[in-house]
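Reading the structure
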Amino acid sequence: MDLSFTPEEDAFRARIRAWLEANVPSHDSVKSLDGARAWQRKMHDAGLLGAAWPKEYGGAGLSDMEQAILNEEIARARAPQPINNMAIWWVGPAIMRYGTEDQKKRFIPKILTCEEIWATGYSEPSSGSDMAAAKTRAVRDGDFYVVNGQKVWTTFAHISDWYFILVRTSTEGPKWAGLSLLLIDMKSPGITVKPIRQIDGGSEFNEVFLSDVRVPAQNLL
């Protein structure tokens, strides 16, 4: 088995390395939300975001090897991570695979450009990261779901526009049954976000409380 890189892969690495050397910002410059958005958009414009995403969704459409090389070079340059990483890693791909056409058109284009930032809500105070034990309820009420519950350790909830949240839509069957994902506007009435202050002074994690939050049924993934 030949594990050496092809000339094309070596050229790709050289191009990525040169771009990163010329463009990686200081970590202080991305501490503000505006700075973080600007860095992500710069990476996107250079074709360095959503590498495995299809080009039709704004991705770079890179091969697996090019993706691996890109990851290596970003780590080597100690480049700041995109602020919308969770949306890039799994929210966007989930919507691409399971979403309706309306959901794809509405949500996907604004992820890589960082026009909208996403938080993901899985962990709960009584179940930790045991997602099958989630108790946050979403009850159907006509054209809406009414959501009640609490999430914890939600990264960037305090600056996010949308919430990719695991909810229980049924209590029938085993505990892993009846779970669904909703796409919730973080500005919806009934959502309260409380940052968790850490020992280092940071507060990127949050508690999120949902009290009778009404979510359009069309936002069920």
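Keep in mind it's a predicted model, so treat the numbers as computed, not measured.

So, how was this worked out
- Each residue is numbered by its place in its chain's sequence as written, counting from 1.
- Only residues with pLDDT of 70 or above have their local features reported here, since the model is predicted, and side-chain atom pairs are shown and tallied only from 80 upward, although totals for entire chains, interfaces and linings are computed over all residues.
- Hydrogens are left out, water is left out, and the side-chain values use all remaining heavy atoms of the structure.
- We count a stretch as a helix when DSSP gives it H or I for four or more residues in a row; a strand needs E for two or more, and each element gets its number in order from the N terminus.
- Type-normalised accessible area, obtained with a 1.4 Å probe on protein chains alone, sets the label of each residue: buried when under 20%, exposed when over 50%, and partly exposed for intermediate values.
- By the convention used here, residues are in contact when the closest approach between their heavy atoms is within 4.5 Å.
- Here a helix's expected span is defined as the number of its residues, less one, multiplied by 1.5 Å.
- The term bend refers to the angle at a residue between two fitted axes, each drawn through seven residues, those ending there and those starting there.
- Two rings belonging to Phe, Tyr or Trp (six-membered ring only in the last case) form a pair when the distance between their centres is within 6.5 Å. Interplanar angles under 30 degrees mark stacking, angles over 60 mark edge-to-face geometry, and anything in between is tilted.
- In this scheme, the term charge over a ring applies when either NZ of a lysine or CZ of an arginine sits within 6 Å of the ring centre and within 35 degrees of the ring normal.

**With respect to the overall build of the protein**
- If you tally the helices and strands in the protein, you get six helices and seven strands.
- Listed N to C, the secondary structure of the protein is α-α-α-α-α-α-β-β-β-β-β-β-β in terms of helices and strands.
- With respect to the three principal axes, the spread of C-alpha positions in the protein is 60 × 40 × 30 Å.
- The 221 residues of the protein split such that 42% are buried.
- Residue pairs in contact within the protein that sit at least 24 positions apart in sequence constitute 65% of those at least 6 positions apart.

**Here we look at the environment of L181**
- Position of L181 relative to the elements: it lies in strand β5 (residues 179-185).
- Placed 13 residues apart in sequence, L181 and R168 show a C-alpha to C-alpha distance of 8.6 Å.
- Those residues in contact with L181 that sit more than four places away from it in its chain are Y122, F164, I165, L166, N219, L220 and L221.

**Here we look at helix α4 (residues 85-98)**
- A rise of 1.5 Å per residue sets the reference length of α4, with its 14 residues, at 20 Å; its end C-alpha atoms lie 19 Å apart and thus fit the reference within 8%.
- Of all the bends in α4, the greatest, near 35°, is centred on V91, and the proline P93 appears no more than four residues after it.
- Those residues of α4 hidden inside the fold are in contact with α2 (33-45), α5 (101-107), α6 (109-112), β1 (118-121), β4 (162-168) and β5.

**Re the packing of aromatic side chains**
- Enumeration according to the criterion identifies six aromatic pairs in this entry.
- Measuring from centroid to centroid gives 4.9 Å for F107 and W162, while their planes differ by 80°, and the two rings are edge-to-face. With F107 in helix α5 and W162 in strand β4, this pair connects stretches of sequence that are 55 residues apart.
- With relative accessibility at 8%, the residue W162 sits in the buried group.
- The positively charged end of R140 is found above the aromatic ring belonging to Y145, 5.4 Å away from the centroid.
- When the ring centre of F144 is taken as reference, the NZ or CZ atom of R214 above it lies at 4.8 Å.

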